[in-house]
Amino acid sequence: MLKQRILTSAVLAPLALLLVFYTPLAMFSTIAALIVLLGAWEWSALAGLCQKRQRFTFVGVMAVLILLLNTHWPIQDLWQQGRLVADANYVFTLAFAWWLVATFLVVKYPRAARAWNEGIMMRSIAGVLTLVPLWLALNVMRSAGYEDGEHIGSVLIMVVLGIVWSADIGAYFAGKNLGKHKLMPKVSPNKTIEGLVGGVITAVIFVLVFCHFAAIDLNMWPVYAAMTIIIALFSAVGDLLESMFKREVGLKDSGRCLPGHGGILDRIDSLTAAAPIFAFCYAWTVVL
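Here the structure is a predicted model, which is why all the values come from computation and not from measurement.

Caption draft 1: Expanded view of the overall build of the protein. Each helix and strand counted, the protein has 10 helices and 4 strands in total. Secondary structure elements in the protein, listed N-terminal to C-terminal, are α-α-α-β-β-α-α-α-α-β-β-α-α-α. With 288 residues in all, the protein has 48% of them scored as buried. Taking the intrachain contacts of the protein between residues at least 6 apart in sequence as the baseline, contacts between residues at least 24 apart amount to 72%. Surface accessibility of the protein: about 14,700 Å² in total, with carbon and sulfur atoms responsible for 68%.

Quick look at the structure:
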């Protein structure tokens, strides 16, 4: 399993760098949509959609929503005069509200399971609120500064990926070496409070190191550190939310398309929360 994980990561890492830095906006948006739709296919199983016709319908609805958003906000027009178009901010505000609700559902599991486990519709809506803002957030970040011939957007995506990865790595080592108190044993038995704290601290260190090498004004360091704490905490919620849904349907992995890693959702679960929250913080706190 470890060998498979390493080999898969060795293939995915350079592909991710090519996608983030070297693809034109339209191609990036299309590939991001395909990744999200693959995630939607896996989510349909978590939602309890058993028949292929139902699962294809769910993916089709997601595709239509993405197409409508792309028609309303073409990726090249998401930024106007250095500012994110106002309506897109409200989508991220809605996403932020959803992740607050998701946090409540995770913290109160299994008592709060009735709130979303009564029918397929609620679990399907949860999938839409989880995946569609992810696609929009990736587009927003990638297109930042693009009209000026800059690579700000690519750097933003790498920063949010760095936050997610550093939080994940920090949580693993802190949990393994210091973990004594279970975080949410009914959702994910292996996660600990010490791991969560270690992950958040590691993410903050990563961002501060980035600020140093990027020559960011020292006055902004506390702002970025506070943003990182929020993003890292919500990235943990994204991971726990998927674990909660998998536990409800009795699945270990969301899929099997990535050898050693499981499914697409197993790789982007933290990013589903981190990317929209990052875009929300960046748009409202830094740009506006």
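Still more ground to cover, so stick around.
Caption draft 2: Here's a closer look at the environment of methionine 62. Topologically, methionine 62 is positioned in helix α3 (residues 52-72). Measuring from C-alpha to C-alpha, the distance between methionine 62 and tryptophan 41 comes to 9.7 Å, with 21 residues separating the pair along the chain. The contacts of methionine 62, once residues within four sequence positions are left out, are Leu37, Ala40, Gly127, Val128, Leu131 and Val132.

Caption draft 3: Summary view of the confidence of the model for the protein. Counting all residues, the mean pLDDT for the protein is 86, and 86% of those residues have values of 70 or more. Of all helices and strands in the protein, the one with the weakest mean pLDDT is helix α5 (residues 114-117) (66), whereas helix α8 (residues 193-213) scores best (96).

Caption draft 4: The arrangement of the pairing of strand β4 (residues 188-192) in detail. In terms of strand pairing, strand β3 (residues 182-184) meets β4 through 2 bridges, oriented antiparallel. In the sheet register, methionine 184 faces β4, and the bridge partner there is serine 188. Linking β3 back to β4 in an antiparallel pair, the connection comprises 3 residues.

Caption draft 5: View of the packing of helix α2 (residues 25-46) against helix α6 (residues 120-143). Remark: α2 packs on α6, axes separated minimally by 10 Å, with the N-to-C direction vectors making an angle of 165°. When the axes of α2 and α6 are compared, the pair comes out roughly antiparallel. Between α2 and α6 lies a crossing whose hand is right-handed. In contact with Leu25, Phe28, Ser29, Ala32, Ala33, Val36, Gly39, Ala40, Trp43 and Leu46 of α2, α6 contributes Arg123, Ala126, Gly127, Thr130, Leu131, Leu134, Trp135, Leu138, Asn139, Arg142 and Ser143.

Caption draft 6: Molecular detail of the side chain of serine 124. With respect to the helices and strands, serine 124 occurs in helix α6. Among all residues touching serine 124, those that are not within four sequence positions of it are Ala47, Leu49 and Phe58.

Rules used in this analysis
Residues numbered from 1 in each chain as written. Predicted model: local features only at pLDDT ≥ 70, side-chain atom pairs only at ≥ 80, totals over all residues. Heavy atoms only, no water. Helix = DSSP H or I, 4+ residues; strand = E, 2+ residues; numbered from the N terminus. Buried < 20%, exposed > 50% of the residue type's maximum accessible area, 1.4 Å probe, protein only. Contact = heavy atoms within 4.5 Å. Areas by Shrake-Rupley, 256 points an atom, 1.4 Å probe, with all protein chains shown as cover. pLDDT = per-residue confidence, 0-100. Pairing = 2+ DSSP bridges. Axes fitted to C-alpha atoms, helices over the stretch in contact; angles between N-to-C directions. Parallel < 35°, antiparallel > 145°, perpendicular 65-115°, else oblique. Left-handed = near helix turned anticlockwise from the far one by under 90°.

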